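# Report on the structure
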Amino acid sequence: QVQLVESGGGLVQAGGSLRLSCAASGRTFSNYAMAWFRQAPGKEREFVVSISWSGGYTYYGDSVKGRSTISRDNAKSTVYLQMNSLKPEDTAVYYCAARRGGPGSKVEYEYWGQGTQVTVSS
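Notes on the structure follow. Just so you know, the residues in each chain are numbered from 1, in the order the chain's sequence is written. Residues qualify for local features only when their pLDDT is at least 70, as the model is predicted, and side-chain atom pairs are given and counted only at 80 or more; totals for whole chains, interfaces and linings, by contrast, use all residues. Only hydrogens and water are removed before side-chain values are computed, so all heavy atoms of the structure are retained for them.

### Brief notes about the sheet that holds strand β7 (residues 68-73)
- At least two bridges found by DSSP between two strands is the condition for calling them paired. A run of H or I in DSSP counts as a helix once it spans at least four residues, and a run of E counts as a strand once it spans at least two, with each numbered from the N terminus. Sheet architecture is open: four strands sit in the order β1-β3-β8-β7, paired in antiparallel fashion. At either margin of the open sheet sits one strand with a lone partner, and together these are β1 (3-7) and β7. For this sheet, the mean inter-axis angle between neighbouring strands, taken without regard to orientation, is 15 degrees.
- By the bridge criterion, six bridges tie β7 to strand β8 (residues 78-83) in an arrangement that is antiparallel. From the neighbouring strand, R72 faces β8, where its bridge partner is V79. Every axis in this analysis is a line fitted to C-alpha atoms, fitted for helices over the stretch in contact. Angles between the N-to-C directions lie between 0 and 180 degrees.

Have a look at this one:
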């Protein structure tokens, strides 16, 4: 089992920045590809970005491409999502996810965190 705990969400004005963190425990973090998803009220869950176990490969969803950066620190068992130029439409609950195997947007992730709320005011 892998336990994932997100943090760093909050209320920010449009144009601002946030850095989300996801701390993992339970298994060897470096064995897992990691990803961020988000879900806004009344909408389906949306892929945001994923990163390979080494950090060498990243895949960004169109909604955040160019405005966000994913990174990971395997020594700290933590993955980060730096979000810049935030827009009101970025408002959602952001979830961290993990899977053994490669990263991607259309693969199944085995483990999920409880989510952290990001609210962007206009």
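### Remarks on the pairing of β8
- Of all six residues that make up β8, five are buried, and the element is covered over most of its length.
- Inspection of the sheet shows strand β3 (residues 18-25) paired to β8 by six bridges, in the antiparallel sense. Pairing of C22 across the sheet is with V79, part of β8. Relative accessibility under 20% of the residue-type maximum defines a buried residue, over 50% an exposed one, and the middle range a partly exposed one, all with a 1.4 Å probe and only protein chains included.

### Some thoughts on the state of the cysteines
- Disulfide assignment relies on a single distance test, namely cysteine sulfur atoms paired within 2.5 Å. Scanning all chains against the criterion turns up one disulfide.
- C22 shares a disulfide with C96; S-S distance 2.1 Å. Torsion about the S-S bond of the C22 and C96 cystine: about -80 degrees, corresponding to left-handed handedness. Of this pair, C22 sits in strand β3 while C96 sits in strand β9 (residues 92-100), placing them 74 residues apart in sequence.
- On the basis of relative accessibility, which here comes to 0%, the residue C22 falls in the buried class.

That's the geometry; what it means functionally is another story.
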